Amino acid sequence: MRRESYLSQPQPLEVYPVFSGTDVIMRKNIELVEKEESQDGKKNKYKVWECDEVQLHYQGEVTLEEIEANFDYWFEKAEEVPDPTNAKNLNLEDARKAKYQEIATACEKTIYAGVDVTTSSGVEHFSLTEKDQINLFGKKMQLLAGAEKIEYHEDGQPCKYFMAEDMQNIVDRAMFFVSYNTTYCNAMNMWIKSITNPGDLEQIQWGANIPEEFQNEVLKDYMKILASGGIVQ
């Protein structure tokens, strides 16, 4: 942001669609200010319009009406973006798409990081990448077939046998962990979908409490299980 001066009163907002996106100029605190300068030993007074001004080039389409409706949000973003000549993901639809991707990435990272499970030999950690999930599905089939001990391994440890009860516990907790986080992600997407002001998307962060209106029936049931201590998240 910089302080600018104009001889005539400037507009608070100027929006110019261009080939590569949209050029935007925003102004706040517009006021008529009296100045004084000395020339040939005389002091001359004059008036100019001063304002706080920010400019950005948005890589996309945005209308004057959309910025007017969320002026403070756009002004703040223009001050925050690392490169105002290449601003992205600020209008509602672009910001919504970016938030969907952010939440999807956070969900994947959370699931892949895995879960701690208490077994007969202590607390062990199991990653849950897609490959791990496929492997555990195979262990579930072995359990259904009546296997009494099943080969598997904790993260970073050699393969060993787990008794059926331990393996069942690992599978159950892993499946719950994946299902809970996937359902939580789905509810967050419904929350994102409801947003009408791009600035409101910033409150939606992975791990946040989802407003009840966006909690689906499945998520509510999972939350009850977690609250009861039946399954460790």
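These numbers come from a predicted model, not from an experiment. (Residues numbered from 1 in each chain as written. Predicted model: local features only at pLDDT ≥ 70, side-chain atom pairs only at ≥ 80, totals over all residues. Heavy atoms only, no water.)

Visitor: Can you help me understand the nonpolar core in this one?
Guide: As a rule of thumb, soluble globular proteins bury nonpolar side chains together. Residues Leu-128, Leu-136, Met-167, Ile-204 and Ile-210 are the most contacted members of the largest nonpolar core, which totals 36 residues. Going through the elements one at a time, α3 (92–113), β5 (115–119), α4 (130–144), β7 (149–152), α5 (164–194) and α6 (217–228) are the ones with two or more residues in this core. Ignoring anything within four residues of it in the chain, the contact list for Ile-210 reads Tyr-184, Ala-187, Met-188, Trp-191, Gln-215 and Leu-219. Counting 17 residues, the second-largest nonpolar core is a separate cluster that includes Val-24, Met-26, Leu-56 and Ile-67. (Core = buried A, V, L, I, M, F, W, Y, C linked by side-chain atoms within 4.5 Å. Buried < 20%, exposed > 50% of the residue type's maximum accessible area, 1.4 Å probe, protein only. Helix = DSSP H or I, 4+ residues; strand = E, 2+ residues; numbered from the N terminus. Contact = heavy atoms within 4.5 Å.)

Visitor: What am I meant to see in the packing of aromatic side chains here?
Guide: Each pair of aromatic rings is reported with the distance of its centres and the angle of its planes. As enumerated under the stated definition, the model contains nine aromatic pairs in all. For the pair Phe-71 and Phe-75, a centre-to-centre distance of 6.0 Å together with 35 degrees between the ring planes defines the contact as tilted. Taken together, the residues span about one helical turn, with Phe-71 and Phe-75 both in helix α2 (residues 71–80) at a distance of four residues. For the residue pair Phe-71 and Phe-75, the accessibility class agrees, reading buried in each case. An aromatic cluster of at least three residues, connected via ring pairs, comprises Phe-176, Tyr-180, Tyr-184, Trp-206 and Tyr-222. (Phe/Tyr/Trp six-rings, centres within 6.5 Å; stacked < 30°, edge-to-face > 60°.)

Visitor: Can you help me understand the pattern of salt bridges in this one?
Guide: Side chains carrying opposite charge are able to pair once their charged atoms draw close together. Counting across every chain of the model gives 16 salt bridges. Between Asp-52 and Arg-3 there is a salt bridge; the shortest N-O distance is 3.0 Å. Of this pair, Asp-52 sits in strand β4 (residues 42–58) while Arg-3 sits in strand β1 (residues 2–6), and the two are 49 residues apart along the sequence. Exposure remark for Asp-52: the relative accessible area of 14% places this residue in the buried category. Since its relative accessible area comes to 36%, Arg-3 is described here as partly exposed. Through salt bridges with shared partners, a single network forms among Arg-2, Glu-4, Glu-14, Arg-27 and Glu-53. (Salt bridge = Lys/Arg side-chain N within 4 Å of Asp/Glu carboxyl O.)

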